[in-house]
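# Structural overview for review
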Amino acid sequence: MSAPTTAAAKHRAEDKPLTKAEKARLSEGKRAERRLGWLLCAPAALVMLAVAGYPILYSVWLSLQRYDLKFPDEREFVGLSNYATVLGNQYWWTAFGVTMLITVVTVVIELILGMGLALIMHRTLVGRGIVRTSALIPYGIVTVVAAFSWRYAWTPGTGYLANLFSDSAPLTERASSLAIIMLAEIWKTTPFMALLLMAGLALVPEDLLKAASMDGATAWQRFTKVMLPVMKPAILVALLFRSLDAFRVFDNIYVLTAGANETSSVSMLAYNNLIKGLNLGIGSTMSVLIFLTVAIIAFIFVKLFGTAAPGSNEEGKR
Amino acid sequence: MESRGLKWRWGLLDVIVVVFALIPVLWIMSLSFKTTNTLTDGNFIPREWTLENYKTIFQTDQFVRALINSIGIALISTIIAVTLGTMAAYAIARLDFPGKGLLVGVSLLIAMFPQVSLVSPLFDIERRLGLFDTWPGLILPYITFALPLTIYTLSAFFKQIPWDLEKAAKMDGATQGQAFRKVIAPLAAPGVFTTAILAFIFCWNDFLFAISLTSTERSRTVPVALSFFTGDSQFEDPTGSISAAAVVITIPIILFVLFFQRRIVSGLTSGAVKG
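Residues numbered from 1 in each chain as written. Chains lettered and ligands numbered in written order. Predicted model: local features only at pLDDT ≥ 70, side-chain atom pairs only at ≥ 80, totals over all residues. Heavy atoms only, no water.

Bringing the side chain of B:T78 into the picture now. Residues and elements named next belong to chain B. Among the secondary structure elements, T78 is positioned in helix α3 (residues 61-94). A distance of 2.6 Å separates the side chain of T78 from the backbone oxygen of A74, its partner in a polar contact. With residues up to four places along the chain from it excluded, the contact list for T78 reads A196, A199, F200 and C203. (Helix = DSSP H or I, 4+ residues; strand = E, 2+ residues; numbered from the N terminus. Polar contact = N/O pair within 3.5 Å; in protein donor to acceptor, adjacent residues only side chain to side chain. Contact = heavy atoms within 4.5 Å.)

Close inspection of predicted coordinates is inappropriate for parts of the model with low pLDDT. All names here are of chain B. For chain B, mean pLDDT is 86; residues scoring 70 or higher make up 94% of the total. Taken element by element, the predicted model of chain B shows its lowest mean pLDDT in helix α7 (residues 163-171) (82) and its highest in helix α9 (residues 208-212) (93). Note that residues 231-235 has pLDDT below 50 and, in this model, 10 contacts with residues that lie over four places away or in other chains. Predicted complex, confidence summary: ipTM 0.88, pTM 0.86. (pLDDT = per-residue confidence, 0-100.)

This part is about the pattern of salt bridges. Residue and element names in this part refer to chain B. Summed over all chains, the structure comprises 10 salt bridges over all chains. The closest approach of N and O atoms between R127 and D124, which form a salt bridge, is 2.7 Å. Here the residue R127 and the residue D124 both occupy positions in helix α5 (residues 116-129), the gap between them amounting to three residues, near one helical turn. With a relative accessible area of 35%, R127 lands in the partly exposed category. (Salt bridge = Lys/Arg side-chain N within 4 Å of Asp/Glu carboxyl O. Buried < 20%, exposed > 50% of the residue type's maximum accessible area, 1.4 Å probe, protein only.)

As a further point, take the packing of helix α7 (residues 174-201) of chain A against helix α9 (residues 219-247) of chain A. Residues and elements named next belong to chain A. Two elements in contact, α7 and α9, have axes whose closest approach is 9 Å; the angle formed by their N-to-C orientations is 150°. When the axes of α7 and α9 are compared, the pair comes out roughly antiparallel. Considering the relative orientation of α7 and α9, their crossing is right-handed. Each of E185, T189, F192, M193, L196, L197, G200 and L201 in α7 lies in contact with α9, whose residues at this interface are M227, M231, A234, I235, A238, L239, R242 and A246. (Axes fitted to C-alpha atoms, helices over the stretch in contact; angles between N-to-C directions. Parallel < 35°, antiparallel > 145°, perpendicular 65-115°, else oblique. Left-handed = near helix turned anticlockwise from the far one by under 90°.)

So, on to the packing of aromatic side chains. Residue and element names in this part refer to chain A. Summed over the entire model, instances satisfying the criterion amount to 28 aromatic pairs over all chains. When the ring of W92 is compared with that of F96, the centres are 6.0 Å apart and the planes differ by 35°; the resulting orientation is tilted. Of this pair, W92 and F96 both sit in helix α4 (residues 90-123), separated by four residues, roughly a single helical turn. Aromatic rings pair up to connect W92, W93, F96 and F247 into one cluster. (Phe/Tyr/Trp six-rings, centres within 6.5 Å; stacked < 30°, edge-to-face > 60°.)

Glancing now at the interface of chain B and chain A. With 102 residues of chain B at the contact, the number on the chain A side is 101 residues. With both chains or domains summed, chain B and chain A bury close to 8,900 Å², and 75% of this area falls on carbon and sulfur atoms. Linking A:K30 and B:D96 is a salt bridge whose minimum nitrogen-to-oxygen distance equals 3.7 Å. Across the chain B-chain A interface, the total number found is 16 residue pairs in polar contact (both at pLDDT 80 or more). At 19 residues, helix α11 (residues 238-274) of chain B tops the list of elements feeding residues into the side of chain B that touches chain A. Here the side of chain B that touches chain A is composed, by residue class, of 70 nonpolar, 20 polar and 12 charged. (Buried area = accessible area lost by both parts, 1.4 Å probe. Nonpolar A, V, L, I, M, F, W, Y, C, P; charged D, E, K, R; others polar.)

The next thing to look at is the nonpolar core. Counting 185 residues, the largest nonpolar core has A:W92, B:F209 and B:L226 as its most contacted members. Ignoring anything within four residues of it in the chain, the contact list for A:W92 reads A:V86, A:L87, A:V266, A:L269, A:M286, A:L289 and A:I290. (Core = buried A, V, L, I, M, F, W, Y, C linked by side-chain atoms within 4.5 Å.)

Okay, the UniProt feature "transmembrane region" (unreviewed entry) in chain B next. Residue and element names in this part refer to chain B. The sites that carry the UniProt feature "transmembrane region" (unreviewed entry) are, in the present numbering, residues 12-33, 66-90, 102-123, 135-158, 179-202 and 242-260. For residues 12-33, the end-to-end C-alpha separation is 30 Å, with 100% helix and 0% strand making up the annotated structure. Between the first and last C-alpha atoms of residues 135-158 the distance is 32 Å; the span itself is 100% helix and 0% strand. (UniProt positions renumbered as here; feature names shortened; annotations may be inferred.)

Turning to the side chain of B:T86, a few remarks are in order. Tracing the sequence through the fold places B:T86 in helix α3. A distance of 2.4 Å separates a polar side-chain atom of B:T86 from the backbone oxygen of B:V82.

As annotated in UniProt, the feature "transmembrane region" (unreviewed entry) corresponds to residues 36-61, 91-121, 133-153, 186-205 and 278-302 of chain A in the numbering used here. Secondary structure within residues 278-302 of chain A divides into 92% helix and 0% strand; the distance between the first and last C-alpha atoms comes to 36 Å.

Taken together, the side chains of A:I296, A:F299, A:I300, A:L304 and A:F305 define a hydrophobic patch exposed on the protein surface, amounting to about 530 Å² of accessible area. Its location among the elements puts A:F299 in helix α12 (residues 280-304). (Patch = residues over 30% accessible without salt bridge, like charges linked within 9 Å, V, L, I, M, F, W, Y side chains within 5 Å. Areas by Shrake-Rupley, 256 points an atom, 1.4 Å probe, with all protein chains shown as cover.)

A positive phi angle is found at A:A258, which is not glycine, with a value near 55°. Tracing the backbone through its elements, the reader meets A:A258 in the loop between α10 (251-256) and α11 (266-276). For B:D133, which is not glycine, the phi dihedral falls at a positive 65°. Of note, B:D133 is situated in the loop between α5 and α6 (135-160).

See below:
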């Protein structure tokens with residue numbers, strides 16, 4: 001938000017004594033700059049507005065209606081009754097619990113593993129390129145492909161992991177299915193977490209670490225007392241990004257269990273109501289509720305933990 | 001002495017990371033090369049090798065069509081998103097105009113948006129507009145979700161380009177537009193290219209939109225087609241076919257990662273953290 005002032009100050013400082021003619025030219029230049037700025041941003045802004053902005057409003061509107069494509073004639077405005085239906089439904093809360101569980105467990109484990117991986121990528125002496133390249137593969141690979149790989153790995157008969165713990169099929173039981181879904185999520189996104197953390201690690205001044213080590217700080221102390229405080233903003237951004245992303249979990253569950261044995265996430269449940277059930281009213285209600293939950297999570301992060309949202313410090317430091 | 005022990009320790013950790021990252025990929029490759037008879041033997045390394053699974057998938061319309069859809073849709077989305085994103089990122093990094101903060105905020109909001117929240121309204125809107133189950137029906141949401149990524153990554157990148165060059169060009173009589181095309185664009189090209197790869201990976205990966213906004217082979221992408229390969233269609237046992245198809249769509253990603261590893265890392269981190 002401070003960009004205009006800094007830029008203006010810079011301008012002023014550079015072309016100090018202004019004659020009238022120069023002032024006029026400058027303001028004309030300013031106006032041209034504004035116009036160009038808007039012109040360049042307009043297409044992107046319009047697309048985002050049309051494809052994300054308008055539909056979300058439309059979704060709120062749909063959520064207030066009884067609107068089932070199987071019975072299109074019964075479409076009517078019903079106020080908040082869809083919300084009562086969804087929030088009073090046990091399936092919703094089961095899915096919500098599953099989603100929250102997956103989000104919390106995977107993000108915590110990813111933070112720990114990701115920090116380790118970031119340190120390895122940052123510090124490693126041999127094979128740095130190989131490590132970084134392999135770490136990028138889970139990030140890049142299509143989630144559905146990874147999910148199939150995990151599914152076949154745990155399928156009795158086919159898979160190399162199927163008989164690891166017991167003779168039964170792990171993907172047919174709730175606890176083990178959830179564990180496998182989380183494993184697949186963690187495998188897929190830990191590298192992404194690690195990359196974000198690595199960017200934070202790069203901000204830690206070498207001298208500070210050296211000084212701490214001279215003063216007799218152990219490796220653990222250097223980590224907790226020097227690195228973590230410097231990395232805090234990067235860690236919080238990574239946590240926020242990953243939490244919101246984990247909350248959207250869909251692909252893995254679709255392929256691994258298709259939501260059987262109460263392993264549906266909220267995204268899965270909304271998809272089922274909408275595409276399978278063709279119930280636009282209920283589907284939209286769930287969409288809005290998911291959106292609200294995500295907004296609350298983001299709000300908590302930003303307010304309580306003081307996450308510097310990327311972009312908020314954006315201007316000012318050109 | 002100590003440094004050698006340290007080297008070994010790091011080396012061991014490296015090996016663990018590489019193995020952890022590659023096992024699922026190697027496993028699906030292994031499955032794709034197994035013969036029908038050995039498919040269910042549970043061995044990690046195939047006892048009998050075959051290319052039969054690959055032949056099968058390329059002989060069916062279902063997969064080839066989905067592959068064409070995937071490539072076309074992801075490429076078009078990437079090109080449009082990167083073009084629009086480049087323009088916006090340039091404006092955000094270099095120009096001074098009111099509403100800039102708002103645009104940055106909105107694109108951040110979209111980046112964090114739960115995509116399923118858009119599925120129900122888009123499903124209805126696209127059905128009415130006749131966009132449901134068409135290429136544009138997927139391209140539009142892909143552009144929208146790839147845009148924040150491109151705007152962030154590129155505006156971070158553009159900020160590192162020396163301002164003065166553009167100023168010098170303008171002093172030599174170039175207009176803002178010319179300065180952009182002749183001076184900044186060539187300098188920005190590597191960043192734009194990296195961003196394009198990231199955007200392409202995003203579109204290539206998508207499953208939720210693809211499965212919700214398509215219903216036939218007309219626009220179904222490979223990830224969705226994979227999930228529809230079933231035993232009771234023309235495939236006897238889909239495991240081999242799914243694995244082969246999975247390997248085929250993983251190849252471009254592996255190639256990108258191999259060739260542009262350094263750039264992808266810097267693109268991801270600069271976009272996300274330096275923002």
